[in-house]
Amino acid sequence: MEGAAQLAVLRGERMYGEGRLERSIQWYEKALVAYDYAFPEDGETQRLLDAMRRDALLGSARVYLEAKLFRAALRSCQEIHQNDEARLREARACRELDLFDEARTALSDIDAPR
């Protein structure tokens, strides 16, 4: 199951690169469904699946932002914890939705040198 999920993420990235946003989202969603139905038997497989899920959510957020579907982008970002890239995309989505306090909060969670 993890191979199918990873393949879906790669196809989502390829579709994004080709500018086929709708197809890209469909592949990312397939990867997330595969994650939901994966039942890993060891910690290493779980770690790989978690990384794939993070990549699918980050990819879908990127596509949603480009498609100007800011609420969907925000939902994808909020499912990822402790990730600076997700926080940056979350802040961008919040800014586009005029949620300025939420954008500041997202940015304050970034672990960057000050």
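These numbers come from a predicted model, not from an experiment.

A. Structural detail: the environment of arginine 53. Assignment of secondary structure puts arginine 53 in helix α3 (residues 43-66). Arginine 53 gets classed as partly exposed once you look at its relative accessible area, which sits at 22%. Once the C-alpha coordinates of arginine 53 and glutamate 29 are considered, the two residues, 24 residues apart in sequence, prove to be 9.9 Å apart.

B. Structural view of the side chain of asparagine 83. Position of asparagine 83 relative to the elements: it lies in the loop between α4 (70-78) and α5 (84-96). Side-chain polar atoms of asparagine 83 contact the backbone nitrogen of glutamate 85, separated by 3.0 Å. When sequence neighbours within four positions are dropped, the list of residues in contact with asparagine 83 reads Arg54 and Leu58.

C. Main features of the pattern of salt bridges. With the rule as written, the count across this model stands at nine salt bridges. Arginine 53 is the salt-bridge partner of glutamate 79, the closest N and O atoms lying 2.8 Å from each other. Of this pair, glutamate 79 sits in the loop between α4 and α5 while arginine 53 sits in helix α3, and the two are 26 residues apart along the sequence. Residues glutamate 96 and arginine 95 are paired through a salt bridge, measuring 3.3 Å at the closest nitrogen-oxygen approach. On the basis of relative accessible area, arginine 95 is assigned to the partly exposed category, the value being 46%. Through salt bridges with shared partners, a single ionic network connects Arg14, Glu18 and Arg20.

D. Looking closely at the packing of aromatic side chains. Evaluation of the coordinates by the stated rule reveals zero aromatic pairs. The lysine or arginine in question, lysine 30, covers the ring of tryptophan 27, its NZ or CZ lying 4.5 Å from the ring centre. Looking at arginine 62, its charged tip hangs above the ring of tyrosine 16, at a distance of 4.0 Å from the centre.

E. Here's a closer look at the side chain of glutamate 90. When you line up the elements, glutamate 90 lands in helix α5. Setting aside anything within four residues of it in sequence, one finds glutamate 90 in contact with Leu74, Cys77, Gln78 and Ala106.

F. Quick peek at α3. For α3, spanning 24 residues, the distance from its first C-alpha to its last is 35 Å, which sits close to the expected 34 Å at 1.5 Å a residue. The N-cap of α3, judged by a side-chain oxygen 3.1 Å from the amide nitrogen of glutamate 44 a few residues on, is aspartate 42. Immediately beyond the C-terminal end of α3, within one or two residues, lies lysine 68, with a positive phi of roughly 65 degrees.

What counts, and where the lines are drawn
Residues numbered from 1 in each chain as written. Predicted model: local features only at pLDDT ≥ 70, side-chain atom pairs only at ≥ 80, totals over all residues. Heavy atoms only, no water. Helix = DSSP H or I, 4+ residues; strand = E, 2+ residues; numbered from the N terminus. Buried < 20%, exposed > 50% of the residue type's maximum accessible area, 1.4 Å probe, protein only. Polar contact = N/O pair within 3.5 Å; in protein donor to acceptor, adjacent residues only side chain to side chain. Contact = heavy atoms within 4.5 Å. Salt bridge = Lys/Arg side-chain N within 4 Å of Asp/Glu carboxyl O. Phe/Tyr/Trp six-rings, centres within 6.5 Å; stacked < 30°, edge-to-face > 60°. Lys NZ or Arg CZ within 6 Å of the ring centre and 35° of its normal. Expected span 1.5 Å × (residues − 1).

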